[in-house]
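Take a look at the letters that make up each chain.
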Amino acid sequence: MPAEKQADVAALMEQGRRMAGAQLRLAAACDAAEARAKAAEERAAHHVGAARAAVEQAEAIIARTKVRDLRPGQYTAAEARAARAAEKAMLAGKTEDALAEKRHQIINIQAAKATMNAQDEMDKTVKYLRKFDEKRPKGIDAEYMDQIDALLVRFDLAPASLKAIDKRKTLVEWVESQREQGMEPDIPPELLNEALRKSYKDMTVEELRGLRDTVRQIEKLGRNKNKLLTAKAAREFAEVRDEIHDSIVLHAGDRKADTRTPADALGRSLKAMRDF
């Protein structure tokens, strides 16, 4: 083979080797980039999971806290202490201790937020519950209103009336009467215990939420019953009115309608019935 041909072949082979090397390097770079992206995704998922766990743990802590003990300051102070402890452990090379303190810091941050949210929620809850005593809502059946009153009295949200207490059913009796009507009120078991009496401030956030939800449920049932009774009364009144009208028409025969204006109350009432 001529020297010139040999040189061309050698050049082509060298070019092929370089291209193959470049492809291998490109594949390796792609693999490395994919590995870094996957690792970043896993770290992000871990952080999201850790943050969600911190929120859930903080909310569980606050749910078990008494209403009177809702103080965000205790968690902001604990967060600051955990931050200092984490920094100190990191400087000392104690990585595990630093991570543990960081977790405590995050939990306390979330607990402070949850406490402030719970304070606002409990203020609105107490305002809602007290409205039944301060300004009696209209449209709630009396039997249901009695049960709301009884619950409010038990937890210092309304003054007690001995006469009212004597005549009303117990909550257990009321629930049984509802079951007989085909309804199943969802009431926390502890509220069915009539002996359970304390200030709402000594209830946990979770307990006061349960009281609020129970009262809302009774209120809704009471309004529905009142609407049904009102509708039934309206139907019965319409039926009676139509019967009276039909009777008047039947017995009037060929007599003409009396168009004179009645002079007394009885006359006006009879005319109103005829014209209804």
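Note: the structure precedes this text.
Computed from a predicted structure; not experimentally measured.

Chemist: Would you explain the overall build of the protein chain in this entry?
Modeler: Of regular secondary structure, the protein chain possesses 8 helices and 0 strands. For the protein chain, the sequential pattern of α-helices and β-strands runs α-α-α-α-α-α-α-α. The buried share of the protein chain, taken over its 276 residues, is 27%. Residue pairs at least 24 apart in sequence account for 73% of intrachain contacts in the protein chain once pairs closer than 6 positions are excluded. As displayed, the protein chain has an accessible area near 19200 Å², and 56% of this comes from carbon and sulfur atoms.

Chemist: Where do I start with empty space enclosed by the protein in this structure?
Modeler: Using a probe with the size of a water molecule, rolled over the atoms, empty space left in the structure can be pinpointed. Inspection of every chain in the model, using the stated rule, returns 2 cavities of 30 Å³ or more. By volume, the second largest cavity is sized at about 30 Å³. Classifying every residue of the lining of the second largest cavity gives 3 nonpolar, no polar and 2 charged.

Chemist: How do you make sense of unusual backbone geometry when you look at a structure like this?
Modeler: Both trends apply: most residues other than glycine have a negative phi, and most peptide bonds are in trans. The residue Asp-156 is not glycine, and still its phi comes out positive at about 55°. By the element assignment, Asp-156 lies in the loop between α4 (142–154) and α5 (162–167).

Chemist: For this particular structure, what's the right way to read the packing of helix α2 (residues 72–91) against helix α3 (residues 95–134)?
Modeler: The relative placement of two packed helices comes down to the angle between their axes together with the axis-to-axis distance. At a minimum axis separation of 8 Å, α2 and α3 run at an interaxial angle of 165°. Between α2 and α3, the interaxial angle falls into the category roughly antiparallel. Where α2 crosses over α3, the two elements pack in a sense that is left-handed. Partitioned by chemical class, the residues of the contact of α2 with α3 number 14 nonpolar, 6 polar and 4 charged.

Chemist: Would you take a moment to explain the nonpolar core for this structure?
Modeler: A general tendency of soluble globular proteins is for nonpolar side chains to be buried together. Leu-208 and Leu-211 are the most contacted members of the largest nonpolar core, which totals 37 residues. For this core, the secondary structure elements donating two or more residues are α1 (3–63), α3, α4, α6 (171–180) and α7 (205–252). The dominant element in this core, judged by the number of residues it contributes, is α3, at 9 residues. Aside from chain neighbours lying at most four places away, what touches Leu-211 is Leu-129, Leu-151, Phe-155, Leu-157, Leu-191 and Met-203.

Chemist: Explain the pattern of salt bridges to me, please; I cannot follow it from the model alone.
Modeler: Once their charged atoms are close, side chains differing in charge can pair, the charge on each being opposite to the other. Across all of its chains, the model carries 9 salt bridges by this definition. Asp-202 is the partner of Arg-68 in a salt bridge, and the nearest nitrogen-oxygen pair spans 2.6 Å. A residue pair is termed long-range when its members are at least 10 positions apart, and Arg-68 in the loop between α1 and α2 and Asp-202 in the loop between α6 and α7 qualify at 134 residues. Overall, Arg-68 belongs to the partly exposed group, its relative accessible area being 47%. Among the charged side chains, a salt-bridge network with shared partners connects Glu-121, Arg-209, Arg-212 and Asp-213.

Chemist: What am I meant to see in α6 here?
Modeler: Count 3.6 residues to each turn of an α-helix, and residues three or four apart come out pointing the same way. Inspection of α6 places Leu-171, Trp-174, Val-175, Ser-177 and Gln-178 among the buried residues, and these make up the whole buried set. Along α6, the residues classed as buried sweep out an arc of 160° about the axis, all on the same side. Positive backbone phi, at 90°, marks Gly-182, one or two positions downstream of α6.

Chemist: Would you mind going over the packing of α4 against α6 with me for this structure?
Modeler: Remark: α4 packs on α6, axes separated minimally by 11 Å, with the N-to-C direction vectors making an angle of 150°. Of the possible angle classes, the one that applies to α4 and α6 is roughly antiparallel. Seen from above, α4 lies across α6 with left-handed handedness. Every residue of α6 that contacts α4 at Glu-143, Tyr-144, Gln-147, Leu-151 and Arg-154 is listed here: Leu-171, Trp-174, Ser-177 and Gln-178. Per-class residue counts for the contact of α4 with α6 are 4 nonpolar, 3 polar and 2 charged.

Chemist: What am I meant to see in the packing of aromatic side chains here?
Modeler: Aromatic ring pairs are described here by two measures, namely the spacing of the ring centres and the angle between the planes. Tallied over the entire structure, the rule returns 1 aromatic pair. Here the aromatic rings of Tyr-128 and Phe-132 are separated by 5.3 Å at their centres, their planes lie at 85°, and the arrangement is edge-to-face. Highlighted residues: Tyr-128 and Phe-132, both in helix α3, separated by 4 residues, approximately one helical turn. With respect to burial, Tyr-128 and Phe-132 carry one shared label: buried.

Conventions used here
Residues numbered from 1 in each chain as written. Predicted model: local features only at pLDDT ≥ 70, side-chain atom pairs only at ≥ 80, totals over all residues. Heavy atoms only, no water. Helix = DSSP H or I, 4+ residues; strand = E, 2+ residues; numbered from the N terminus. Buried < 20%, exposed > 50% of the residue type's maximum accessible area, 1.4 Å probe, protein only. Contact = heavy atoms within 4.5 Å. Areas by Shrake-Rupley, 256 points an atom, 1.4 Å probe, with all protein chains shown as cover. 1 Å grid on protein atoms, 1.4 Å probe; cavity = no way out; pocket = protein on both sides within 12 Å on 5 of 7 lines; lining within 4 Å. Points joined across faces, edges and corners; volume = space filled by probe spheres on them. Nonpolar A, V, L, I, M, F, W, Y, C, P; charged D, E, K, R; others polar. Axes fitted to C-alpha atoms, helices over the stretch in contact; angles between N-to-C directions. Parallel < 35°, antiparallel > 145°, perpendicular 65-115°, else oblique. Left-handed = near helix turned anticlockwise from the far one by under 90°. Core = buried A, V, L, I, M, F, W, Y, C linked by side-chain atoms within 4.5 Å. Salt bridge = Lys/Arg side-chain N within 4 Å of Asp/Glu carboxyl O. Arc of directions from axis to C-beta. Phe/Tyr/Trp six-rings, centres within 6.5 Å; stacked < 30°, edge-to-face > 60°.

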